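Topology and contacts: notes
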Amino acid sequence: MSNITIAEISKNLASGKYSSVEITQDFLQRIKQNDKAINSFITVTEEQALAQAKAADEQRQNGNASVLTGVPIAHKDNYCTDGVLTSCGSKMLSNFVAPYNATVVEKFNEAGTVSLGKLNMDEFAMGSSSESSFYGAVSNPWDSNRVAGGSSGGSAAAVAANLIPGATASDTGGSIRQPAAFCGLTGIKPTYGRVSRWGIVAYASSLDQAGVITHTAEDAALMLNVMSGFDEKDSTSMQLEVPDFTADLNNGLAGLTIGLPKEYFSADLDPAMQQAVSDAVKEYEKLGAKVKEISLPHSHLVIPSYYLISAAECSANMSRMDGVRFGYRCDNPTDIHDLYVRSRSEGLGSEVKRRIMIGAYALSAGYYDAYYKKAQQARRLIKNDFVNAFKEVDIIAGPVTPTTAFNKNEKNHDPVAMALGDVFTVALNLAGLPGMSINCGQINNLPVGLQLIGNYFEEARLLNAAHQFQQVTDWHLKSPAGL
Amino acid sequence: MQWEVVIGLEIHVQLATKTKIFSGSSTAYGADANTQADVVDLGMPGVLPVFNKEALQMAVKFGLAIDAEIHHKSVFDRKNYFYPDSPKGYQTTQLYYPTVGMGHIEIELEDGSTKRINVTRAHLEEDAGKSVHEGFGSSSGIDLNRAGTPLIEIVSEPELRSAKEAAAYFRKMHSIVTYLGICDGDLSQGSMRCDCNVSLRPKGQEEFGTRAEIKNVNSFRNVERAIDAEIERQMDILEDGGTIVQETRLYDADKNETRSMRSKEEENDYRYFPCPDLLPVLIDEDYIEAVRQTLPELPDAKRQRYISEQGLSAIDAGVLSANRSLADYFETVAETINDYKLAANWVQGDVSAALNRLEVSIEELAVSAEQLAYILKLIKDNTLNNGGAKEVFNALLEGKGDDTVACIDTLVDQLGLKQVSDTGAIEAIVDEVLANNTKLVESYLATPEDKRAKAIGPFIGQVRKAAKGVNPQVVMEVLKKKLSEL
Amino acid sequence: MALDPKQVHDIAELVRLQIEDDQVQEYQENLSNILEMVNQLTSFETDNIEPLANPIEIAQRLRADEVTAVNKRDLFQSIAPQTEQGYYLVPRVVE
């Protein structure tokens with residue numbers, strides 16, 4: 001089938017072509033039919049979804065509908081949803097029915113969207129393949145032997161398979177952009193501080209940022225309009241005016257300067273990937289953009305810096321998973337130490353354990369300066385690279401990933417290989433910049449992502465550039481065979 | 001060998017904010033378990049901290065009160081350790097960039113002299129919850145109401161040289177934080193807790209000896225006793241040629257001894273790092289100046305003023321200025337009657353005695369400052385003599401009056417305390433006393449001239465027995481005159 | 001930068017994890033490889049570079065000291081492993 005977009009559903013709900021209950025039932029039906037093979041949902045909240053849809057239809061009849069009222073979506077399972085299992089893909093939280101809503105969930109509820117459930121992910125968002133979930137690996141709808149990417153693999157796979165038109169997701173080192181790329185979708189990670197982190201279970205607090213995965217830039221803009229904005233519950237939330245992200249979508253790109261970092265196009269990059277990205281850049285030139293080579297000289301520090309900072313923050317963030325106040329507790333603990341050690345060892349998976357241990361090691365007595373502090377210093381240099389680059393260009397373009405979706409079980413026993421796959425995405429998290437992934441081609445029937453990087457709080461410019469590309473190409477319209 | 005004692009204190013002060021340092025939960029004491037612990041205090045997945053404005057202001061206030069450097073940038077760090085009363089598995093504190101830097105206070109020593117003690121730093125942090133070990137069988141119960149209560153931890157330099165000095169330092173800090181109104185000062189509720197670092201070194205040696213840290217001492221008396229017990233323990237070991245192990249110890253007040261809690265090897269590797277959920281706290285000179293404007297007169301300044309402007313003794317001034325409520329009471333009385341010395345005598349004397357006897361605070365005392373001032377005014381205008389005043393004061397304590405000043409006039413009338421100064425009336429009483437006590441008169445007359453001043457005493461007693469409110473000066477004059485005429 | 005088995009156990013203990021004997025070697029290798037990767041950092045010059053803890057370099061916002069929380073103990077404890085009389089229960093902690 002062809003991809004169903006949020007904009008289209010919104011239009012049809014407004015015109016009365018179908019009701020929210022009807023479209024919700026359609027999607028629920030598709031989930032029932034197709035998700036066994038994909039495994040993108042951890043929880044489907046059918047009853048609540050239908051109740052929300054009914055309420056949305058009433059709201060519309062009363063003339064109080066907003067653009068997204070009645071539109072079905074789903075949330076990544078690290079978004080706390082009041083009264084609904086919020087497992088983060090972990091055994092540790094496999095019984096955690098969140099007692100409160102994330103701010104983003106609250107905002108979508110207020111906008112009248114319908115939540116169909118909770119989406120699968122790498123355990124606690126630590127991974128790039130969505131294979132580490134306690135609820136099983138997510139399959140890529142384009143090729144079920146391949147990974148959907150991660151950690152927001154469930155979000156991407158569900159949208160790619162048209163089980164939902166759009167999903168929330170979170171991105172700590174590429175967890176929105178990489179699965180969006182692997183599944184042929186549009187993904188956006190806004191600027192750090194643009195969207196509230198309240199209620200999104202933290203992996204690495206200074207890197208985590210909420211965003212969305214959709215088919216189109218227009219849909220992403222519609223969702224960002226709902227979820228962005230200052231939240232007094234998040235100290236790192238920015239007190240800034242939020243623009244209407246759809247307002248600039250149709251602006252022309254004449255005069256736009258696109259920077260191509262030479263470090264992203266080294267000889268190591270797969271020639272087919274290089275070609276796909278170069279073709280996309282040519283489209284931009286046709287649209288009137290100018291292209292300029294730039295340099296991000298500290299790119300080689302990105303992976304180690306990211307790995308240390310994320311591991312250090314995660315090691316502390318995960319300490320609350322202790323079996324005392326919520327979550328999994330081991331059977332018959334003999335003493336408090338046993339309770340901690342067994343609850344955590346039984347409740348957490350090996351990738352999570354590895355990161356906690358690396359983080360603890362990097363922060364332990366005698367190593368702080370050599371590891372953690374050094375990583376923070378590298379982070380400053382990496383940020384400065386971008387600050388300097390944006391003095392010359394408006395946006396930066398490059399690949400999202402070094403390869404297309406890899407096979408299941410290919411990298412999940414090699415954490416270093418897995419980490420190296422994030423080489424193009426993690427720099428933005430370190431710098432806190434907004435980034436997008438849009439589908440720009442295929443290699444052997446697998447989608448290729450183009451990454452667009454914007455200056456601080458310039459999501460609108462990114463969305464505009466992505467939308468313009470989608471007006472002259474049809475990659476975003478393609479959907480996996482058989483779905 | 002002669003040993004020198006080296007003591008440093010770390011005092012945890014609970015700040016008197018309405019809400020917790022990082023959440024909107026109440027900090028009120030005594031609520032049912034876990035009813036004042038919201039998602040932030042429970043360390044639920046996904047929650048985030050936001051820093052309490054008032055906690056910052058209180059910390060800065062304290063810093064200014066001890067003449068400390070106030071840092072324009074302070075940063076919260078995570079201190080990682082697992083304990084059931086620490087819900088996040090880390091404590092949010094300030095290791096590298098505390099809000100308050102180096103400052104100092106003066107402590108008064110027993111001989112009336114003062115000693116300056118330097119304060120290394122004071123940092124903001126969150127309190128832990130409480131573990132209850134009784135009543136849950138083989139389990140402990142965890143109450144997280146206290147978790148997240150704002151604290152400042154005040155770290156002294158190791159400049160205290162005896163348990164007495166340490167207790168004086170703790171008292172002085174108590175006095176300062178209660179003066180500032182940043183802590184309720186209620187030690188019985190754990191509002192101030194003290195960790196004592198104690199070591200000994202041979203007199204004259206520069207280098208510090210190995211220290212032991214006594215955790216969580218929570219009364220003035222116990223600070224002194226715990227440290228003395230620890231000094232004794234260490235001295236015994238050292239005198240026997242042994243060595244002190246660096247460790248954390250607990251004080252057992254019942255046995256009056258300290259016991260080992262954990263050794264240094266068992267200490268955690270706390271893995272401090274800046275909390276990524278909080279941003280640096282930045283304040284400027286304007287902010288600091290504005291806080292400075294809110295500072296009350298502090299105990300040292302008050303004490304100095306009592307001595308230099310009002311002529312009180314150093315001891316009186318010290319006692320009266322140590323507690324803000326007492327000082328406020330004292331000053332109300334003194335200023336109303338415009339007589340600091342008379343007010344000081346009464347507040348130091350009868351008022352303090354009553355507080356001790358009745359075990360009440362000055363706020364709870366049945367005699368208000370206004371009432372005492374009125375009683376003293378009656379002394380000054382000769383309406384009451386000293387004994388009469390005490391009688392009215394005690395009557396009020398016994399609840400015979402109410403909280404008005406007017407009730408004092410009624411009591412004076414009811415108790416017949418109005419002083420008789422009329423010479424004629426007193427002469428009549430004296431005549432009657434002399435007539436009824438012929439034996440006394442005889443023995444008086446038998447007394448040699450130079451010792452008669454003393455022998456006059458019993459007559460005064462008899463006169464006052466006959467009529468309470470007589471003016472003692474007039475009685476004396478009349479007695480002298482009448483006796484000399486015999 | 002290879003870790004030995006004891007180091008693996010020590011780090012695990014620090015964060016209250018237990019690595020089973022048959023997994024120690026795998027962790028040892030994985031962690032050692034990661035450390036080797038991050039050691040690239042140690043070779044570059046960082047003197048005078050201010051560490052960056054958070055990408056947005058603004059000041060901490062301050063919250064008004066007003067009670068906003070209401071008592072939701074029953075809801076919170078409905079998802080707790082073990083509670084009694086409003087307390088969270090854990091095996092007895094001795095000091």
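Just above, that's the structure.
Just so it is clear, the model here is predicted, and its values are computed rather than measured.

Analysis parameters
Residues numbered from 1 in each chain as written. Chains lettered and ligands numbered in written order. Predicted model: local features only at pLDDT ≥ 70, side-chain atom pairs only at ≥ 80, totals over all residues. Heavy atoms only, no water. Buried < 20%, exposed > 50% of the residue type's maximum accessible area, 1.4 Å probe, protein only. Helix = DSSP H or I, 4+ residues; strand = E, 2+ residues; numbered from the N terminus. 1 Å grid on protein atoms, 1.4 Å probe; cavity = no way out; pocket = protein on both sides within 12 Å on 5 of 7 lines; lining within 4 Å. Points joined across faces, edges and corners; volume = space filled by probe spheres on them. Nonpolar A, V, L, I, M, F, W, Y, C, P; charged D, E, K, R; others polar. Contact = heavy atoms within 4.5 Å. Buried area = accessible area lost by both parts, 1.4 Å probe. Salt bridge = Lys/Arg side-chain N within 4 Å of Asp/Glu carboxyl O. Polar contact = N/O pair within 3.5 Å; in protein donor to acceptor, adjacent residues only side chain to side chain. Pairing = 2+ DSSP bridges. Core = buried A, V, L, I, M, F, W, Y, C linked by side-chain atoms within 4.5 Å. Phe/Tyr/Trp six-rings, centres within 6.5 Å; stacked < 30°, edge-to-face > 60°. Lys NZ or Arg CZ within 6 Å of the ring centre and 35° of its normal. Axes fitted to C-alpha atoms, helices over the stretch in contact; angles between N-to-C directions.

Below, the discussion takes up helix α5 (residues 153-160) of chain A. Side chains that are three or four residues apart share a direction in an α-helix, a result of its 3.6 residues per turn. All names here are of chain A. Counting buried residues in α5 gives eight out of eight residues, a clear majority hidden from the surface. Looking at α5, one finds that the buried residues are Gly 153, Gly 154, Ser 155, Ala 156, Ala 157, Ala 158, Val 159 and Ala 160. Looking one or two residues past α5, Asn 162 carries a phi angle of roughly 55°, positive in sign.

Residues and elements named next belong to chain B. Space inside the second largest pocket adds up to approximately 1,400 Å³. For the second largest pocket, the lining is made up of 39 residues, of which Arg 171, Phe 220, Val 319, Ala 322 and Asn 323 are closest to its centre. Looking at the lining of the second largest pocket, the elements with two or more residues in it are α2 (163-180), α3 (220-239), α5 (299-308), α6 (314-322), α7 (324-337) and α8 (340-358). Considering every element that reaches the lining of the second largest pocket, the biggest residue donor is α2, with nine residues. Of the residues contributing to the lining of the second largest pocket, the split by class is 14 nonpolar, 13 polar and 12 charged.

Here the focus is the interface of chain C and chain A. Every contact between the two is made by 49 residues of chain C and, on the other side, 67 residues of chain A. Both faces considered, chain C and chain A share a buried interface measuring about 5,300 Å² in area, 68% of it formed by carbon and sulfur atoms. Counting across the interface, chain C meets chain A through two salt bridges. The closest approach of N and O atoms between Lys 383 of chain A and Glu 57 of chain C, which form a salt bridge, is 2.9 Å. Viewed at the interface, chain A and chain C are joined by 23 residue pairs in polar contact (both at pLDDT 80 or more). Looking at the side of chain C that touches chain A, the elements that each hand over two or more residues are α1 (5-14), α2 (21-38), α3 (73-77) and β3 (87-91) of chain C. Taken together, the residues that form the side of chain C that touches chain A break down as 33 nonpolar, 10 polar and six charged.

Turning to the sheet that holds strand β2 (residues 83-84) of chain C, a few remarks are in order. Here four strands make up an open sheet; going across it, the order is β8(B)-β9(B)-β3(C)-β2(C) and the pairing antiparallel. Each end of this open sheet is capped by a strand with a single partner; those strands are β8 (130-132) of chain B together with β2 of chain C. Two elements, β8 of chain B and strand β9 (residues 139-143) of chain B, share three bridges in a ladder whose sense is antiparallel. Across the sheet, residue Ser 131 of chain B finds its bridge partner in β9 of chain B, namely Ile 142 of chain B.

With 189 residues, the main nonpolar core has Phe 124, Tyr 284, Met 357, Phe 386, Leu 452 and Leu 463 of chain A together with Met 44 of chain B as its most contacted residues. In this structure, Leu 452 of chain A is in contact with Tyr 284, Ile 395, Ile 396, Ala 397, Pro 434, Gly 435, Met 436, Ile 438, Leu 462, Ala 465 and Ala 466 of chain A, ignoring residues within four places of it in sequence. Among the nonpolar cores identified, the runner-up in size contains 110 residues, and Ile 152, Leu 278, Ile 337 and Leu 376 of chain B belong to it.

Looking now at the pairing of strand β11 (residues 192-202) of chain B. Residue and element names in this part refer to chain B. Burial of β11 is extensive: 10 of the 11 residues sit out of reach of the surface. Pairing of strand β1 (residues 3-14) with β11 involves 11 bridges; the strand directions are antiparallel. Opposite His 12, over in β11, you have Arg 193 as the bridge partner. As paired strands, β11 and strand β12 (residues 212-217) are joined by four bridges and run antiparallel to one another. Looking at β12, one finds that Cys 194 is bridged to Val 217.

We now examine the interface of chain A and chain B. Listed as interface residues are 37 residues of chain A and, on the opposing side, 31 residues of chain B. Overall, the association of chain A and chain B removes approximately 2,700 Å² of surface from exposure, summing both partners, and the carbon and sulfur fraction of that is 63%. Interface area lost by chain A to chain B is led by Ser 235, Arg 320 and Arg 325 of chain A, which between them contribute 23%. Applying the counting criterion to the chain A and chain B interface returns one salt bridge. Asp 277 of chain B is the partner of Arg 197 of chain A in a salt bridge, and the nearest nitrogen-oxygen pair spans 3.1 Å. Elements that contribute at least two residues to the side of chain A that touches chain B include exactly α9 (302-317), α10 (336-347) and α11 (350-363) of chain A. With four residues, α9 of chain A is the single largest residue contributor to the side of chain A that touches chain B. Residues belonging to the side of chain A that touches chain B are distributed by class as follows: 20 nonpolar, eight polar and nine charged.

Once that is clear, we can look at the packing of aromatic side chains. A complete count under the given rule lists 25 aromatic pairs over all chains for this structure. The interplanar angle of 65° and the centroid separation of 6.0 Å between the aromatic rings of Tyr 270 of chain B and Tyr 272 of chain B together place this pair among those described as edge-to-face. Among the aromatic side chains, those forming a connected cluster through ring pairs are Tyr 368 and Tyr 372 of chain A together with Tyr 96 and Phe 273 of chain B. Above the face of the Phe 406 of chain A ring, Lys 411 of chain A is positioned so that its terminal group lies 4.4 Å from the ring centre. Positioned over the ring face of Tyr 270 of chain B is Lys 79 of chain B, at 4.4 Å from the centre of the ring.

All names here are of chain B. A sheet is described by the order of its strands in space; here eight strands give the open sequence β6-β7-β10-β1-β11-β12-β13-β14, paired in mixed fashion. The open sheet has two edge strands, β6 (103-108) and β14 (257-263), and neither has a second partner. Put simply, the sheet's adjacent strands are angled 30° from each other on average, direction ignored. The pairing of β1 with strand β10 (residues 150-156) spans five bridges and is classified as antiparallel. Within β10, the position partnered with Val 13 by the bridge is Ile 152.

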